[in-house]
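# Analysis of the macromolecular model
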Amino acid sequence: MENNVAPQQTEEEGIDIMALLRNLWDGRKTVLICLGIFVALGLTAALTMKRAYTVKTIMVPQINSRQNSSLGSLAALAGIDLGMQTTASDLSPLVYPEIVSSVPYRLQLMHTPLHYKKVDHPISMFDYIVGGYDKPSVFAYIKRYTIGLPGLIISQFAPKPQEIVLPKGGPAGADTTDKPIVITVNEQKMLEVFGKIVTLDVNKKEGYLTLIVNGTEPIQTAELALKAQKLLQDEVTRHRIEKSERELMYIEARYQEVKKENDMYQEQLAIIKDRTKSVMSSRDEIEKDRIQAKYNVSNAIFNEMAKQLEQAKMQVKRDTPAYAIIQPVTIPMKPSNSRAKTLIVWTFFGFIVGCGIVLGKGYWKNLKNKFNANVNDNLNNNDNAKA
């Protein structure tokens, strides 16, 4: 009994596959119509699409300020915890993507002047987009008023965001220089866009950073990548040398005070020596010895502060991180998006939709026939039961 069931199931499965193929062949006209429609849409999308360019630069952070902390930071970059304690000035490379996504970083990038073909002078991305130089493509208009029409209608009834203005003055005893960053409505929109324009990938295994920048023109993209690279290096440098720079500023201020005091005692000593060249009284000798003693102490402190100043300068240079640029920024020759690929995707999607419509019709017809048959069987059974 079981041996007879297996061939029957296999035969039915083969018949089902052949039936599907037969349905597709019978509905080939529908498939071709859908294919033609989507090919036309694909051609429109490919011909009107904006060209996109991508620039990648690879950097390796060379941390050499302290042997232990450097080893710990490099181990952290590789995903290894050595249990070492790092100082406050050390900044793990794993934090670098947070710097790239920070508001101050993106604000500086969006307001950096760049070269565009449509403008005869350098202009920032913010002014280029807000100023209306960047026109959306034809397909973008179609998409906006078809697929994006519900969202467009909802946005018309949604409350409009208001510009934020800081009040004058501040709380009593507060530092007036410390104020929150005020972002305009247009800048907020650009901040969301920059999340896709500039990204940073940290390779924990190999220990290098990949900065990826997307743009609309070759030169503009390369200039933006250079600025993004420099800003990242400057920001990391600022974090790492912040402590040593504060120490340098303190020592330099103290050095200037000691130098001024030392010069004053030196000048006083020279005056009293000139005054008592011929005759020196006991009072003059006592005054000279007193000034000489103050000068000796001041000069010793001055020499020590000079040594500390040089050491502080060397510490700042020692804490300044260096970067090995493995892959420098180059102007892209070819766009990163392909029109041929876009056309192929639309064509394939059209074929799938056409096949789905044909098979759906057959499936719906069979389902409807089964439903009607079940209804008729139930009616016949009820009639027989009544009879």
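If you're wondering where the values come from, they're calculated on a predicted model, not measured in any experiment.

Quick notes on the rules
- Counting of residues starts from 1 at the beginning of each chain's written sequence and follows it residue by residue.
- Confidence filtering applies because this is a predicted model: local features only for residues at pLDDT of at least 70, side-chain atom pairs given and counted only at 80 or more, and all residues used for totals across whole chains, interfaces and linings.
- Working from all heavy atoms in the structure, the side-chain values ignore hydrogens and water.
- Each reported salt bridge corresponds to a side-chain nitrogen of Lys or Arg within 4 Å of a carboxyl oxygen of Asp or Glu.
- Where helices and strands are cited, they refer to DSSP runs of H or I of at least four residues and of E of at least two residues respectively, numbered from the N terminus.
- Working definition: with a 1.4 Å probe on protein chains only, accessible area under 20% of the residue-type maximum means buried, over 50% means exposed, and in between means partly exposed.
- A 3.5 Å cut-off defines polar contacts: any pair of N or O atoms within that distance qualifies, except that in protein one atom must be a possible hydrogen donor and the other a possible acceptor, and neighbouring residues in sequence count only when both atoms are side-chain atoms.
- pLDDT expresses how confident the predictor is about each individual residue, on a scale running from 0 to 100.
- Residue contacts are counted whenever heavy atoms from the two residues lie within 4.5 Å of one another.
- Only Phe, Tyr and Trp rings are paired, with Trp represented by its six-membered ring, and only when their centres lie within 6.5 Å; those with planes under 30 degrees apart are stacked, over 60 edge-to-face, the remainder tilted.
- Axis definition: a line fitted to C-alpha atoms, limited for helices to the stretch in contact. Angles are taken between N-to-C directions and run from 0 to 180 degrees.
- Between 65 and 115 degrees an angle is taken as roughly perpendicular, under 35 as roughly parallel, over 145 as roughly antiparallel, and anywhere else as oblique.
- Charged residues are taken to be Asp, Glu, Lys and Arg, nonpolar residues to be Ala, Val, Leu, Ile, Met, Phe, Trp, Tyr, Cys and Pro, and polar residues to be all remaining types, Gly included.
- One bridge is not enough; two strands pair if DSSP finds at least two bridges between them.
- In these notes, a set of buried Ala, Val, Leu, Ile, Met, Phe, Trp, Tyr and Cys residues joined through side-chain atoms within 4.5 Å is what counts as a nonpolar core.

## Observations regarding the pattern of salt bridges
A full pass over the atoms with the stated rule returns five salt bridges. A salt bridge links Glu242 to Arg246, with the nearest nitrogen and oxygen atoms 3.6 Å apart. Here the residue Glu242 and the residue Arg246 both occupy positions in helix H11 (residues 242–275), the gap between them amounting to four residues, near one helical turn. Looking at Glu242, the relative accessible area reads 36%, which means it is partly exposed.

## Considering the environment of Glu187
Along the chain, Glu187 turns up in helix H9 (residues 185–197). Judged by its relative accessible area of 12%, Glu187 is buried. Remark: the alpha-carbon pair of Glu187 and Leu107, spanning 80 residues in sequence, is separated by 7.8 Å. Side chain to side chain, Glu187 and His111 meet in a polar contact 2.9 Å long.

## Things to note about the confidence of the model for the protein
On average, the protein scores 77 in pLDDT, and the residues at 70 or more come to 73%. Confidence, expressed as mean pLDDT per element, reaches its minimum in the protein at helix H3 (residues 67–77) with 48 and its maximum at strand E2 (residues 113–114) with 93. Between residues 78–89, whose pLDDT stays under 50, and residues either more than four places distant or in other chains, the model counts 13 contacts.

## What to know about the side chain of Gln220
Structurally, Gln220 is set in helix H10 (residues 218–240). Relative accessible area serves as the criterion here: at 1%, Gln220 is assigned to the buried category. Side-chain polar atoms of Gln220 contact the backbone nitrogen of Glu217, separated by 3.3 Å. In this structure Gln220 touches Leu114, His115, Tyr116, Met125 and Gly215, once residues within four positions along its chain are discounted.

## Structural notes on the packing of aromatic side chains
One pass over the structure, following the stated rule, counts five aromatic pairs. Ring geometry for Tyr255 and Phe302: centres 5.2 Å apart, planes at 25°, overall stacked. With Tyr255 in helix H11 and Phe302 in helix H12 (residues 282–319), this residue pair connects regions lying 47 residues apart in the sequence. Take Tyr255 and Phe302: they sit in the same class, and that class is buried.

## A look at the packing of helix H5 (residues 103–110) against H9
Orientation of H5 relative to H9, taken along the N-to-C sense of each, is 100°, at an axis distance of 10 Å. Here H5 is positioned roughly perpendicular relative to H9, judged by the angle of their axes. Only Glu187, Met190, Leu191, Phe194 and Gly195 of H9 make contact with H5, whose side of the interface consists of Val103, Arg106, Leu107, Leu109 and Met110. Grouping the constituent residues of the contact of H5 with H9 by class yields seven nonpolar, one polar and two charged.

## Overview of the environment of Met249
Note on placement: Met249 falls in helix H11. On the basis of relative accessibility, which here comes to 59%, the residue Met249 falls in the exposed class. In this structure, the C-alpha to C-alpha distance between Met249 and Leu309, residues 60 residues apart in sequence, is 9.2 Å.

## Some words on the pairing of strand E4 (residues 198–203)
Looking at chain direction, E4 and strand E5 (residues 208–215) are connected through six bridges and run antiparallel. Within E5, the position partnered with Asp201 by the bridge is Thr210. Linking E4 to E5, which pair antiparallel, is a turn of four residues; within it Gly207 sits at a positive phi near 80°.

## Quick notes on the nonpolar core
If you look at the biggest cluster of nonpolar residues, it comprises 36 residues, and the most contacted ones within it are Tyr96, Tyr105, Leu109, Met125, Phe194, Val198 and Leu232. Elements represented by at least two residues in this core include exactly strand E1 (53–62), helix H4 (96–100), H5, helix H6 (125–130), H9, E4, E5 and H10. Per element, the largest residue contribution to this core is seven residues, and it comes from H10. Non-local contacts of Tyr96, meaning those with residues more than four positions away in its chain, are made with Pro61, Leu91, Leu200, Leu209, Leu232, Val236 and Tyr323. Counting 10 residues, the second largest nonpolar core, distinct from the first, contains Tyr255, Val258, Phe302 and Met305.

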